[in-house]
Amino acid sequence: MPEPYSLARFDALTSTNDYCLEHLGGLADRTVVLAEVQSDGHGRFERRWISHIPDNIYISIVLKSGLFLEPSCPLAAITQYMALTVCRLLQECGADAALKWPNDVLVEGRKICGLLSRTSISNGRLAGYILGAGINLNMEADAVGAIDQPATALNLVIGRPVDRDLFLSRLLDRFFEGYAAFLRKGFPSIKEQYTAQSPFLGRTITVNLPDGPVQGKAAGFDDEGRLRLVTPDGDIRILMVGDVTVPND
Ligand code: BTN
């Protein structure tokens with residue numbers, strides 16, 4: 001049985017993530033905030049997230065219970081657990097989806113889903129974790145072409161329109177079905193599946209970090225979901241965040 005969650009729908013918000021951060025005190029654990037459209041959707045690295053298409057998914061999930069700011073809590077890897085859940089659901093829908101560490105889901109090298117999480121800390125304690133997800137389900141080819149990075153949408157990949165609400169309820173059921181166990185067991189419990197869906201492993205990649213790009217061979221993930229990168233001089237870098245570029249992607 002999927003664990004319960006509640007869905008709060010809005011016709012329009014600036015950003016579901018911003019709404020959840022601003023109203024966190026009044027939002028219960030496992031509230032999913034959905035906006036039909038966002039006027040100021042954010043992506044990673046200060047990018048914008050195109051958010052004017054109601055048939056796509058723009059959601060933020062409020063998570064509070066059972067989370068704490070200690071290394072034993074797999075806080076950072078919750079987004080990786082969600083990325084894997086999205087990836088597998090897209091595959092069941094007929095898309096050849098794959099993961100790009102840490103949180104992107106791609107089809108044929110084009111981004112179809114992005115995740116952006118926010119942690120809210122109050123008086124040194126974790127007040128909540130907000131997991132934002134944007135998934136391109138139904139778009140015109142022209143609209144994906146206008147995105148500032150290679151992108152696609154599920155309808156373009158499988159050649160038919162996608163029922164957003166059905167996709168969303170299947171996604172949230174799956175996510176919450178495994179969420180409590182994931183919190184207990186952490187990234188090791190999904191490491192094998194996450195690794196299997198990460199086709200860039202073994203290749204030489206560039207990871208853009210706040211202090212500049214670093215190149216190396218993607219060697220795998222540690223038990224926290226961090227990327228192990230072997231640099232040309234043989235050093236092993238353990239990376240928590242970054243923007244991966246794979247040659248020819
Ligand atoms: C990325 O750059 O890959 C992350 C994109 C995350 C977009 C989603 S849409 C719902 C939520 N609200 C936001 O403002 N951003 C996230």
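These numbers were taken from a predicted model, which means no experiment stands behind them. (Residues numbered from 1 in each chain as written. Predicted model: local features only at pLDDT ≥ 70, side-chain atom pairs only at ≥ 80, totals over all residues. Heavy atoms only, no water.)

Draft legend 1. Spatial organisation of the packing of helix α2 (residues 78-92) against helix α5 (residues 164-185). At their nearest, the axes of α2 and α5 sit 10 Å apart, and the two run at 140° to each other. The angle between the axes of α2 and α5 places the two elements in the oblique class. With respect to the hand of their crossing, α2 and α5 are arranged in right-handed fashion. On α5, the residues touching I78, Y81, M82, T85, V86, L89, L90 and E92 of α2 are F167, R170, L171, R174, F175, G178, Y179, F182 and L183. Taken together, the residues of the contact of α2 with α5 sort by class into 12 nonpolar, two polar and three charged. (Axes fitted to C-alpha atoms, helices over the stretch in contact; angles between N-to-C directions. Helix = DSSP H or I, 4+ residues; strand = E, 2+ residues; numbered from the N terminus. Parallel < 35°, antiparallel > 145°, perpendicular 65-115°, else oblique. Left-handed = near helix turned anticlockwise from the far one by under 90°. Contact = heavy atoms within 4.5 Å. Nonpolar A, V, L, I, M, F, W, Y, C, P; charged D, E, K, R; others polar.)

Draft legend 2. How the structure looks around the site of the ligand. Taken together, 19 residues surround the ligand, and among them S15, Q38, H42, R44 and K111 come closest. Measuring from a nitrogen atom of the ligand, one finds a side-chain N or O atom of Q38 at 3.0 Å. One of the backbone nitrogen or oxygen atoms of R44 is found 2.6 Å away from an oxygen atom of the ligand. Relative to its unbound accessible area of 420 Å², the ligand is 100% covered by the protein chains. (Near = heavy atom within 4 Å. Polar contact = N/O pair within 3.5 Å; in protein donor to acceptor, adjacent residues only side chain to side chain. Areas by Shrake-Rupley, 256 points an atom, 1.4 Å probe, with all protein chains shown as cover.)

Draft legend 3. Representation of the pattern of salt bridges within the structure. Taken as a whole and assessed by the stated rule, the structure comprises 11 salt bridges. One salt bridge in this structure joins E92 and R174, with 2.8 Å as the shortest N-O distance. Taken together, the residues span a long stretch of sequence, with E92 in helix α2 and R174 in helix α5 at a distance of 82 residues. Given the relative accessible area of 29%, R174 is considered partly exposed. A salt bridge links K191 to D223; its shortest N-O distance comes to 2.9 Å. Of the two residues, K191 sits in helix α6 (residues 191-196) while D223 sits in the loop between β9 (212-221) and β10 (227-230), which places them 32 residues apart along the sequence. Judged by its relative accessible area of 26%, K191 is partly exposed. Assessed through its relative accessible area of 42%, D223 is described here as partly exposed. Here the salt bridges share partners, and the residues they tie into one network are R9, E36, R164 and D165. (Salt bridge = Lys/Arg side-chain N within 4 Å of Asp/Glu carboxyl O. Buried < 20%, exposed > 50% of the residue type's maximum accessible area, 1.4 Å probe, protein only.)

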